[in-house]
Amino acid sequence: MSTWHATVQRMVDEIDRCIGSGEDESLSLARVAENLHYSPYQLSRKFREIAGMQFRDYVRLRRISLSLKALRDTDESILQIALRFGFSSHEAFTRAFKRAFGLTPRAYRKNPVPLALRTLLRPLDCYLMETGEKRMQDTHKEVKTYFITIPAHKFLHIRCYESIGYWDFWQKMSLVPGCDCETVCGLLDSIPHKLDDLGGQEMDSGNGQIMGFINAAEGRICSWGIPLCESYGVRLPQDYCGPVPPQMQLMDVPEGEYLVFEHGPFDFERENGAVEQKIEAAMKAFDYPSSGYELDMTPGRIFYFYHDCSRYWKYVRPVKKV
């Protein structure tokens, strides 16, 4: 099954490429299947099985989601955007947009409130699917360790004081209205100016969404005896003053020093467990006294966690000079 997860992700990437380049004809199931060397029937069946929707429905929703970002981030006219994303007219685009989001493109452009973009295909997330090789493998890669200073910024997020790990976090949040993974990730995807988005600044997590572990007055007690609450959100510029979805919190994060443990790209199916163990070992063995630093457990400081097997695995831990 994990092989098919990778195949569907390749198909999603191909769809985005076709939409972005205006190659309308290659959006047919037959064309995408041909590019990925599968039969249309096989690809369609597996896409629905894993993604939970028909291929044609995904393409339609993806067009709408990408058009929303164009409305938000460009000065193109609504008609230009409609035609660029494959709609026959301004009216056809308006009907589809309103059916998807409950307001017209013009109303959204005047007031770009966060809207849930439902085309992230979160079921393909390796943690939610609980897939990946758990046996020890030799990755032949080292864990890099280095200090960085991260400028002041804001962190828009949801948080849970009782969860233990990513899977448990989303299981518990799914019980809270409006805090399920699909809704939250969709809303975060519509937030502009994410610092970690591709082409952004500093860490660059791919889609701008990351896990955080916040030093708190309450929450799950971590291995070193300090309460932490798990969170999921996006880092934003310090001067961000845009809307905040009602289920989320926006906190100020002051400039601070951090210690990064980073492993480079790896094969998720074969190496995920090994990389996890290697990073855990590196964090446990790090000689803080010799470095002149110690973990900073001041309430409000955040540990960030980045996981993108095509690029890196990072733990970013707040520190202070001794």
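What counts and what doesn't
Residues numbered from 1 in each chain as written. Predicted model: local features only at pLDDT ≥ 70, side-chain atom pairs only at ≥ 80, totals over all residues. Heavy atoms only, no water. Helix = DSSP H or I, 4+ residues; strand = E, 2+ residues; numbered from the N terminus. Buried < 20%, exposed > 50% of the residue type's maximum accessible area, 1.4 Å probe, protein only. Expected span 1.5 Å × (residues − 1). Contact = heavy atoms within 4.5 Å. Phe/Tyr/Trp six-rings, centres within 6.5 Å; stacked < 30°, edge-to-face > 60°. Lys NZ or Arg CZ within 6 Å of the ring centre and 35° of its normal.

Asker: What is the right way to look at unusual backbone geometry in this model?
Answerer: Note: most peptide bonds trans; most residues except glycine with negative phi. A positive phi is found at His37, a non-glycine position, where the angle reads about 65°. Relative to the helices and strands, His37 is located in the loop between helix H2 (29-35) and helix H3 (40-51). Residue classification places His37 among the exposed positions, given a relative accessible area of 70%. Even without a glycine there, the phi angle at His193 is positive, about 65°. Exposure remark for His193: the relative accessible area of 58% places this residue in the exposed category.

Asker: Where do I start with helix H6 (residues 90-101) in this structure?
Answerer: Spacing of three or four residues puts side chains on the same side of an α-helix, whose turn is 3.6 residues. Here H6 spans 16 Å end to end across twelve residues, near enough to the 16 Å set by a 1.5 Å rise per residue. Among the residues of H6, those classed as buried are Ala92, Phe93, Thr94, Ala96, Phe97 and Phe101. Summarising the contacts, the buried residues of H6 are in contact with helix H4 (55-73), helix H5 (78-84) and helix H7 (105-110). With its phi angle positive at about 85°, Gly102 sits one or two positions after the end of H6.

Asker: What am I meant to see in the environment of Phe261 here?
Answerer: Turning to its location among the elements, Phe261 is positioned in strand S6 (residues 256-263). Relative accessible area serves as the criterion here: at 0%, Phe261 is assigned to the buried category. For the pair Phe261 and Phe305, spaced 44 residues apart in sequence, the C-alpha separation works out to 9.9 Å. Excluding anything up to four places from it in sequence, Phe261 contacts Val143, Lys144, Thr145, Ile279, Ala282, Met283, Phe286, Tyr288, Trp313, Lys314, Tyr315 and Arg317.

Asker: How do you make sense of the environment of Tyr315 when you look at a structure like this?
Answerer: Relative to the helices and strands, Tyr315 is located in strand S9 (residues 312-321). C-alpha separation for the pair Tyr315 and Gly212, spaced 103 residues apart in sequence, amounts to 9.8 Å. Dropping the residues within four chain positions of it, Tyr315 is found in contact with Leu259, Val260, Phe261, Ile279, Glu280, Met283, Tyr304 and Phe305.

Asker: Help me understand the packing of aromatic side chains, please; the structure alone is not making it clear to me.
Answerer: For any pair of aromatic rings, the description rests on two quantities: the centre-to-centre distance and the angle between the ring planes. Tallied over the full model, the rule gives 16 aromatic pairs. Taken together, a centroid distance of 6.3 Å and an interplanar angle of 65° make the contact between Tyr166 and Tyr232 edge-to-face. Placement of Tyr166 in helix H8 (residues 166-173) and of Tyr232 in strand S4 (residues 227-237) is noted, with a sequence separation of 66 residues between them. The pair formed by Tyr166 and Tyr232 is uniform in burial state, with each residue classed as buried. With a centroid separation of 5.1 Å and 80° between ring planes, the pair formed by Phe169 and Trp170 is classed as edge-to-face. Overall, the relative accessible area of 0% leaves Phe169 in the buried class. For Trp170, a relative accessible area of 4% puts it in the buried group. Members of the aromatic cluster, connected to one another through ring pairs, are Phe87, Phe93, Phe97, Phe101 and Tyr108. Across the ring face of Tyr304, the terminal group of Arg235 is positioned such that the distance to the ring centre comes to 5.8 Å. Here Lys314 stacks its cationic end above the ring of Tyr312, 4.3 Å away from the centre of that ring.

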